[in-house]
Protein chains: 2
Amino acid sequence: MEQKLELTIALLAHTPATLNAWLRDLPEAWTNVNEGGETFSAYGVVGHLVHGERTDWMPRVKTILEYGESRAFVPFDRFAQDRESAGKSLPQLLDEFAELRGQNLKELNALGLTEQKLNMLGRHPRLGTVTLANLLATWAAHDMTHLHQLARILAHQYRDAVGPWSVFLGVLQCNGHSAG
Amino acid sequence: MEQKLELTIALLAHTPATLNAWLRDLPEAWTNVNEGGETFSAYGVVGHLVHGERTDWMPRVKTILEYGESRAFVPFDRFAQDRESAGKSLPQLLDEFAELRGQNLKELNALGLTEQKLNMLGRHPRLGTVTLANLLATWAAHDMTHLHQLARILAHQYRDAVGPWSVFLGVLQCNGHSAG
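Residues numbered from 1 in each chain as written. Chains lettered and ligands numbered in written order. Predicted model: local features only at pLDDT ≥ 70, side-chain atom pairs only at ≥ 80, totals over all residues. Heavy atoms only, no water.

For chain A, the helix and strand inventory stands at eight helices and two strands. Tracing chain A from N to C terminus, the helices and strands come up as α-α-α-α-α-α-α-β-β-α. The C-alpha radius of gyration computed for chain A amounts to 18 Å, which stays within 12% of the reference 16 Å derived for 180 residues, consistent with globular compactness. With the principal axes as the frame, chain A shows a C-alpha extent of 55 × 35 × 30 Å. A burial count over chain A gives 54% of its 180 residues as buried. Only carbon and sulfur atoms are counted for the fraction: they give 51% of the accessible area of chain A, which is about 7,500 Å². (Helix = DSSP H or I, 4+ residues; strand = E, 2+ residues; numbered from the N terminus. Rg over C-alpha atoms; globule rule 2.2 N^0.38 Å. Buried < 20%, exposed > 50% of the residue type's maximum accessible area, 1.4 Å probe, protein only. Areas by Shrake-Rupley, 256 points an atom, 1.4 Å probe, with all protein chains shown as cover.)

In this section: the interface of chain B and chain A. Listed as interface residues are 59 residues of chain B and, on the opposing side, 59 residues of chain A. Taken over both partners, the interface formed by chain B and chain A buries close to 5,200 Å², and the fraction arising from carbon and sulfur atoms is 73%. Per-residue buried area on chain B facing chain A is highest for Met1, Tyr158 and Trp165 of chain B; these three make up 16% of the total on that side. Inspection of the region where chain B meets chain A yields zero salt bridges. Where chain B packs against chain A, one counts eleven residue pairs in polar contact (both at pLDDT 80 or more). Of all the secondary-structure elements, those providing two or more residues to the side of chain B that touches chain A are helix H1 (5-23), helix H2 (28-31), strand S2 (128-131) and helix H8 (132-156) of chain B. Examining the composition of the side of chain B that touches chain A, we find that 16 residues originate from one element, H8 of chain B, more than from any other. In terms of residue class, the side of chain B that touches chain A is built from 35 nonpolar, 18 polar and six charged. (Contact = heavy atoms within 4.5 Å. Buried area = accessible area lost by both parts, 1.4 Å probe. Salt bridge = Lys/Arg side-chain N within 4 Å of Asp/Glu carboxyl O. Polar contact = N/O pair within 3.5 Å; in protein donor to acceptor, adjacent residues only side chain to side chain. Nonpolar A, V, L, I, M, F, W, Y, C, P; charged D, E, K, R; others polar.)

All names here are of chain B. H8 packs onto helix H3 (residues 42-55) with a crossing angle of 170° between their chain directions and a minimal axis gap of 10 Å. On the basis of their axis angle, the class for H3 and H8 is roughly antiparallel. Residues Ala42, Val45, His48, Leu49 and Glu53 of H3 touch H8, and the partners they reach there are Trp139, His142, Asp143, His146, Gln149, Leu150 and Ile153. Residues of the contact of H3 with H8, tallied by class, amount to six nonpolar, four polar and two charged. (Axes fitted to C-alpha atoms, helices over the stretch in contact; angles between N-to-C directions. Parallel < 35°, antiparallel > 145°, perpendicular 65-115°, else oblique.)

Moving on, we get to the nonpolar core. Membership of the largest hydrophobic core comes to 107 residues, with the highest contact counts inside it found for Trp22, Leu23 and Leu136 of chain A together with Trp22 and Leu23 of chain B. Among all residues touching Leu23 of chain B, those that are not within four sequence positions of it are Thr31, Ala42, Val46, Leu90, Leu94 and Leu150 of chain B. (Core = buried A, V, L, I, M, F, W, Y, C linked by side-chain atoms within 4.5 Å.)

Looking now at the packing of H1 of chain B against helix H6 (residues 90-110) of chain B. All names here are of chain B. Packing of H1 against H6 brings their axes to within 10 Å, and their N-to-C directions diverge by 170°. In this view, H1 runs roughly antiparallel relative to H6, as classed from their interaxial angle. Residues Ile9, Leu12, Ala13, Thr15, Pro16, Leu19, Asn20 and Leu23 of H1 touch H6, and the partners they reach there are Leu90, Leu94, Phe97, Ala98, Arg101, Leu105, Leu108 and Asn109. Of the residues assigned to the contact of H1 with H6, the class counts are twelve nonpolar, three polar and one charged.

Side chains bearing opposite charge may pair, as long as their charged atoms lie close to each other. All chains considered together, the criterion is met by 18 salt bridges over all chains. With its nearest N and O atoms 2.7 Å apart, the salt bridge here joins Lys62 of chain B to Glu107 of chain B. Of this pair, Lys62 of chain B sits in helix H4 (residues 57-67) while Glu107 of chain B sits in helix H6; the two residues are 45 residues apart in sequence, bridging distant segments of the chain. For Lys62 of chain B, a relative accessible area of 33% corresponds to the partly exposed category. Salt-bridge contacts for Arg83 of chain B lead to Asp77 of chain B; the nearest nitrogen and oxygen are separated by 3.4 Å. Taking the relative accessible area as the measure of exposure, Arg83 of chain B reaches 55% and is therefore exposed. Given a relative accessible area of 30%, Asp77 of chain B falls into the partly exposed group. Within the structure, one salt-bridge network assembled from shared partners comprises Glu53, Arg101 and Asp143 of chain A.

Right, let's talk about the relation of the copies chain B and chain A for a bit. For the pair chain B and chain A, the best superposition has an RMSD of 0.0 Å and corresponds to a rotation of 180° with a translation of 0.0 Å parallel to the axis. Here the copies are linked by what is in effect a two-fold axis. Of the C-alpha atoms belonging to chain B, the one lying closest to the rotation axis is found on His148 of chain B, 2.2 Å away. Comparing contact sets, 100% of the residues at the interface of chain B also lie at the interface in chain A, consistent with an isologous, same-surface contact. (Least-squares fit on C-alpha atoms with pLDDT ≥ 70 in both.)

Right, let's talk about helix H6 (residues 90-110) of chain A for a bit. Residues and elements named next belong to chain A. Under the 1.5 Å per step criterion, the end-to-end length of H6 is 30 Å for 21 residues, consistent within 8% with the ideal 30 Å. Looking at H6, one finds that the buried residues are Leu90, Leu93, Leu94, Glu96, Phe97, Leu100, Arg101, Asn104, Leu105 and Leu108. Take H6 and look down its axis: the buried residues cluster within an arc of 160°, on one side only. Opposite its buried face, H6 presents the exposed residues Glu99, Lys106, Asn109 and Ala110, each directed more than 90 degrees away. Buried residues in H6 make contact with helix H1 (5-23), helix H2 (28-31), helix H3 (42-55), helix H4 (57-67) and helix H8 (132-156). Within two residues after H6, Gly112 carries a phi angle of roughly 50°, on the positive side. (Expected span 1.5 Å × (residues − 1). Arc of directions from axis to C-beta.)

Structure below.
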């Protein structure tokens with residue numbers, strides 16, 4: 001479907017409560033485990049989303065509006081949460097995410113973006129030319145990538161426990177694809 | 001990790017609130033769309049989960065406890081929701097799911113399943129011999145399969161809108177795998 005700004009904002013607005021309902025009271029045996037190696041745990045996913053709210057999405061919106069294609073976005077640090085979440089509990093990170101997301105959507109709404117502004121061009125350091133509309137759709141799809149990943153991280157813990165059923169469970173066939 | 005019954009129940013208990021936070025107030029432009037062809041919409045996913053609560057999980061638990069391997073499970077109808085959800089709104093289905101899941105977990109808890117009972121064998125019509133422990137782990141992993149699918153259905157709608165970013169978004173590389 002075509003992107004509509006109000007639909008993008010609606011999806012973005014639902015993510016904090018979704019994560020909260022899914023994770024806040026879940027035992028740490030679920031939330032502190034990952035898919036092996038350097039992969040994210042549920043705790044890591046939330047820290048990553050917090051970092052994105054602080055440094056990625058709205059700063060990039062502003063870079064496009066102020067500088068267009070003349071200034072490339074600051075690259076996103078996909079592992080910043082390893083430093084920034086230090087000492088914070090999962091409930092703290094969930095609260096932080098909800099607050100930051102709320103502020104960012106308020107700010108986004110206040111920009112009163114017109115069709116013309118949504119067509120403005122920006123420059124991604126690796127992908128090249130993108131539009132502001134692409135950026136906003138990506139913000140929402142990035143949330144979905146990490147909810148998708150979250151389901152996969154949790155299911156992975158029962159890969160053996162499900163026994164013969166593993167062949168029927170789509171989430172256990174997912175290899176993670178690129179970033180999540 | 002090894003399955004622990006209380007961890008399985010904890011994960012199962014979180015799904016209704018997660019779906020509620022994610023979907024209840026989301027515009028129908030998100031919840032009534034699918035990934036093309038006969039695939040599920042978000043609305044279809046919730047209807048499928050409602051059907052599972054009614055006809056699949058607890059009835060299979062009881063089949064194992066009463067009949068062991070001597071009676072195969074009744075096959076699960078993956079498209080029953082097309083009939084059963086007719087005329088129901090998404091909020092109605094979310095309420096129904098929350099109520100049925102709550103009842104089922106109460107009933108499961110009341111069974112006081114011991115390690116010995118969890119090792120009891122049952123017979124799946126296609127997969128053959130399974131344990132009660134396998135069935136319970138699958139119940140939880142099946143929830144994750146459909147949360148995973150839900151993120152993918154929603155992200156799919158912005159496949160074009162994200163522009164060049166599609167290569168970085170893992171959820172857009174997911175081909176759906178088997179059932180979900």
